[in-house]
Amino acid sequence: MKQQRHILKHLFSFLTLLFFAALLLPVKANAADHQANISVNRSSGECTYSVQGLDPSQTNELTLQVSHKDTKAAALQTNIALTPENCAGGTYTGTFSLESLNYAYDTYTVNILIGDTVIPAGTCDLSIHTDKLSMNVSGGTGDASRNVQVISAESSGDVVIPGQNKSVSVMAWPEGSNESTAASISSKTPFTEGGMTILANAAQAGSAYGTWHAKLVLEPQGATPSRTLAVATYSVIPTQTTFAVKKTKALEKKKSFAVSLDGLKNVYGINKVSFQLYSSKGKKTATISGTKKKSDGSRFYAEVTMKKLGYLLDTYTVKAVLTDKNGKTYTLGSTTSADARSQGGSLSVTKKKNATCVYKLSNAYIPGNIKKMRFTLYQYKDGKWKKKDSHNVTGTAGKSKVSLKLKNDETGKFRIKVYGFSTWGKKILLNEKSFKLRKKDMGKNGWFYEKYAGKTYKFYYVNNEKQTDLTDILNLKESSATHKNRFYIEVNRAGCTVTIYLYNDETKKYDIPIKTCAVSVGRDISTNAGTSALNEDSSYTPLGSYSICTNGTSVKYTLKEMHEPDGSIVFARWTSHIVGNVYFHAIAVSTDSHYALPSYRYNLLGSPASAGCIRMTVADAKWIYDYASTGTPVKIVKGSSSKPGPLGKPAVIKTTSGINYDPTDPDVPDSRKKADYKAKKITGYKTKKGKKVGY
């Protein structure tokens, strides 16, 4: 029993020693006794943490430990001494900021260490929400000035980039280059939450054309490097509003067209522009320098002549090549076209009731205008197309319609070809058309009774054309002692025409006009006296009824010496006497020569010019001499210039100075007359066989 009491006494002493020993040992923290939490202010870039359940008398120190959430790497560790002053109520509150983190934007894990005990405080999000940011670069591809729109999709009340005093800039680099070559295209700009627009200059980054990459960069703070927030692409390509080819009447006169480039813009400026022209086969034909029409270089203009294009009629593709202020060239993607081809237009053949065809070409065109057109008629004979005749039409420049009327003289298959002559002398086939002429298209043929000036006459038509000389048609024979032609000759003094009529056995009248001649009567057309007043000094043709050789005696001369009123002697060929000193005769000459007829005297034919005789061409005077029998009635009437006779007044050949013969004279060689006609010294002539040329 005593022994048991002794044991209990020693046990109590041991427990007492243990109790006091425990009081002297340090107190170990228990996580369950403390709480920590954290709040984040992204706008200011700060995190505030607090620890509750602290007793400074027992716990004199804690450690703030901040580490990167993903990498677990330590970012900040701070030892904090606890005092009754900073730990009032058992709670300690502290903050840390982006600045203390050296502006390393990230999401952090925050722990509080008390001794060996780790008390989790939570997560501090100081990261940049790049997934909420986007950007685009707006503006024309030719504009240096661009707007960079920064768009935020962050929820209301939150921020994309924590902290204050944030600045951004825009950098760019061309596609194909390394991002490390990026250069700034904007100034440093304070970042605005909720979205912003930054003015940028695309010309600052380099000189390349094409696609560029742009990035929005957060300017560095502290020791942190710059950071890409968003990316976008944009283009640097020259632009224009209008690229066109223009044609005007003034340009056509210069055989050219114009190229105009308007509204031109380029990031790197514009030094000059040239226009390159490519043929339809893709061959570069010409390069023309453009002329700057506006000081800012927004308009360039050039005139392209056909000569520069080698007069090649073609469709051209026009490209514009720009040289910028850096000396680099760029070919614009837009092109224009110049149609420098001839246009054949539309060709029509209209058959008229009067046995004519009207050939009309509409809307034909040759660059530089059509100087003249040539209508060439072909006839199909003996299995071949043979040229029948050609007719030039001048004064066609700028005309939309050009027509030619020709008489039909044969039936069969025909083809009309219309050629245009350019102003540089090139002959171009514009259009052609084949057609047929049938008998019905020939119009009148044969004899027809028709009225003229109130009287009825019998006319002869060939393919609707009234014949003005029926010598061959009637197969007339020359007058002789055994053959008399029944003619009546009328001289229209006012009209300066002579008409020969044949007696009509049907009507018993001289109503078949078979020939008409343009003549010159006496210079004095006011005197209306007959033959009684005739004398060597008179110069009028007497009115009245007479006959070939009125005295009944055949007085005809192949060459007659005649006296002029001034006393001079002249020679007249193929003379037929009428009355007194009045004759039908060829224009008199001063010597017995076929080459003594001055052109000025010949050109008076068809107007009053003689001393009273009736002057005629050699051919007409010889006809009277050959066919008009002695006794043929001749009537000289006052007449009318507006009504020259039923066969009209024939065209009169004109000659130029230096021509000293009658173009109808059969004794003048055809070769000479042909040469002078070709040289335009005479407007027509008659061959030795009696064929008319040019009139």
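Procedures and definitions
Residues numbered from 1 in each chain as written. Predicted model: local features only at pLDDT ≥ 70, side-chain atom pairs only at ≥ 80, totals over all residues. Heavy atoms only, no water. 1 Å grid on protein atoms, 1.4 Å probe; cavity = no way out; pocket = protein on both sides within 12 Å on 5 of 7 lines; lining within 4 Å. Points joined across faces, edges and corners; volume = space filled by probe spheres on them. Helix = DSSP H or I, 4+ residues; strand = E, 2+ residues; numbered from the N terminus. Nonpolar A, V, L, I, M, F, W, Y, C, P; charged D, E, K, R; others polar. Core = buried A, V, L, I, M, F, W, Y, C linked by side-chain atoms within 4.5 Å. Buried < 20%, exposed > 50% of the residue type's maximum accessible area, 1.4 Å probe, protein only. Pairing = 2+ DSSP bridges. Axes fitted to C-alpha atoms, helices over the stretch in contact; angles between N-to-C directions. Polar contact = N/O pair within 3.5 Å; in protein donor to acceptor, adjacent residues only side chain to side chain. Salt bridge = Lys/Arg side-chain N within 4 Å of Asp/Glu carboxyl O. Disulfide = S-S within 2.5 Å. pLDDT = per-residue confidence, 0-100. Contact = heavy atoms within 4.5 Å.

1. With respect to the layout of surface pockets
Point 1. The space that makes up the largest pocket amounts to roughly 1700 Å³.
Point 2. Elements with a minimum of two residues in the lining of the largest pocket: β27 (384-394), β28 (401-407), β30 (427-437), β33 (465-466), α4 (618-627) and β44 (692-693).
Point 3. Ranked by residues supplied to the lining of the largest pocket, first place goes to α4 with 6 residues.
Point 4. Considering the residues around the second largest pocket, the lining is formed by 19 residues, among which K455, Y457, Y488, E490 and Y501 are closest to the centre.
Point 5. Breaking the lining of the second largest pocket down by element, the ones donating at least two residues are β32 (455-462), β34 (487-492), β35 (497-504) and β36 (509-518).
Point 6. A class-by-class count of the residues in the lining of the second largest pocket yields 9 nonpolar, 5 polar and 5 charged.

2. Remarks on empty space enclosed by the protein
Point 1. Here the structure, examined in full by the defined rule, presents 2 cavities of 30 Å³ or more.
Point 2. Of the volumes computed, that of the largest cavity is approximately 210 Å³.
Point 3. In this structure, the largest cavity is lined by 18 residues; those nearest its centre are T617, D620, P650, A651 and Y695.
Point 4. Looking at the lining of the largest cavity, the elements with two or more residues in it are β36 and α4.
Point 5. For the lining of the largest cavity, the leading source of residues is β36, giving 3 residues.
Point 6. Grouping the amino acids of the lining of the largest cavity by side-chain chemistry returns 9 nonpolar, 4 polar and 5 charged.
Point 7. By volume, the second largest cavity amounts to about 120 Å³.
Point 8. Taken together, 13 residues form the lining of the second largest cavity, with R573, I587, V589, V618 and D665 sitting closest to its centre.
Point 9. Split by residue class, the lining of the second largest cavity holds 8 nonpolar, 2 polar and 3 charged.

3. Notes on the nonpolar core
Point 1. Core analysis: the largest hydrophobic core is formed by 79 residues, its most contacted members being F96, I112 and F275.
Point 2. For this core, the element with the highest residue contribution is strand β15 (residues 227-236), accounting for 5 residues.

4. Considerations on the pairing of β36
Point 1. With 8 of its 10 residues buried, β36 lies for the most part within the structure.
Point 2. Hairpin connection of β35 to β36: 4 residues between the antiparallel strands, including K508 at a positive phi of 60°.

5. Focus: the sheet that holds strand β41 (residues 614-616)
Point 1. The mixed open sheet is built from 4 strands, whose spatial order is β38-β39-β40-β41. Each having just a single partner strand, β38 (556-563) and β41 make up the two edges of the open sheet. Taking the axes of each pair of neighbouring strands and ignoring which way they run, one obtains an average angle of 45° across the sheet.
Point 2. Across 7 bridges, the pairing between β38 and strand β39 (residues 569-579) is antiparallel.

6. Notes on the side chain of H68
Point 1. Structurally, H68 is set in strand β3 (residues 61-68).
Point 2. Within the structure, H68 has its side chain in polar contact with the side chain of D106 (distance 2.9 Å).

7. Regarding the pattern of salt bridges
Point 1. Considering all chains together, one arrives at 21 salt bridges under this definition.
Point 2. Its salt-bridge partner being K254, residue E303 comes within 3.0 Å of it at the nearest N-O pair. Of this pair, E303 sits in strand β21 (residues 300-305) while K254 is found in the loop between α2 (249-253) and β17 (256-262), placing the two residues 49 residues apart along the sequence.
Point 3. Accessibility expressed as a relative area gives 32% for E303, which makes it partly exposed.
Point 4. Between R415 and E432 there is a salt bridge, with the nearest N and O atoms lying 3.7 Å from each other. Residue R415 is found in strand β29 (residues 412-422), and its partner E432 is found in strand β30; the two are separated by 17 residues along the sequence.
Point 5. On the basis of relative accessibility, which here comes to 21%, the residue R415 falls in the partly exposed class.
Point 6. Members of the salt-bridge network, linked through shared partners, are K381, K388, D409 and E410.

8. Description of the pairing of strand β2 (residues 46-52)
Point 1. Most of β2 sits inside the fold, with 5 of its 7 residues counted as buried.
Point 2. Pairing of strand β1 (residues 35-41) with β2 involves 7 bridges; the strand directions are antiparallel. Pairing of N37 across the sheet is with S50, part of β2.
Point 3. Bridging between β2 and strand β5 (residues 92-97) involves 6 bridges; their strand directions are antiparallel. Looking at the pairing, Y49 lines up with G94 of β5.

9. Some details on the state of the cysteines
Point 1. A full pass over the atoms with the stated rule returns 1 disulfide.
Point 2. There is a disulfide in this structure between C47 and C124, and the S-S distance comes to 1.4 Å. Disulfide C47-C124: torsion about the S-S bond near 45°, hence right-handed. Separated by 77 residues along the polypeptide, C47 in strand β2 and C124 in strand β7 (residues 117-125) bring together distant segments of the chain. Assigned by exposure class, C47 and C124 land together as buried.

10. Examining unusual backbone geometry
Negative phi values dominate among residues other than glycine, just as trans dominates among peptide bonds.
Point 1. In the Ramachandran plot, A355 falls in the positive-phi region, its phi being about 60° despite a non-glycine side chain.
Point 2. With respect to the helices, strands and loops of the structure, A355 is situated in the loop between β24 (346-351) and β25 (356-362).
Point 3. Even without being glycine, N369 reaches a positive phi, approximately 80°.
Point 4. Inspection of the secondary structure assignment puts N369 in the loop between β25 and β26 (370-381).
Point 5. Looking at N369, the relative accessible area reads 17%, which means it is buried.

11. As for the confidence of the model for the protein
Point 1. Averaged over every residue, the pLDDT of the protein is 92; the share at 70 or more is 95%.
Point 2. In this model residues 1-29 is a low-confidence stretch, pLDDT under 50, and it forms 4 contacts with partners more than four residues away in sequence or in other chains.

12. Description of the sheet that holds β32
Point 1. Spatially, β31-β32-β33 is the arrangement adopted by the 3 strands of the open sheet, whose pairing is antiparallel. Strand pairing shows two members of the sheet lacking a second neighbour, β31 (446-452) and β33, which therefore form its edges.

13. A few points about the environment of A81
Point 1. Turning to its location among the elements, A81 is positioned in strand β4 (residues 74-81).
Point 2. The spacing of A81 and T63 is 18 residues in sequence and 8.6 Å in space, taken between C-alpha atoms.
Point 3. Non-local contacts of A81, meaning those with residues more than four positions away in its chain, are made with N60, E61 and N86.

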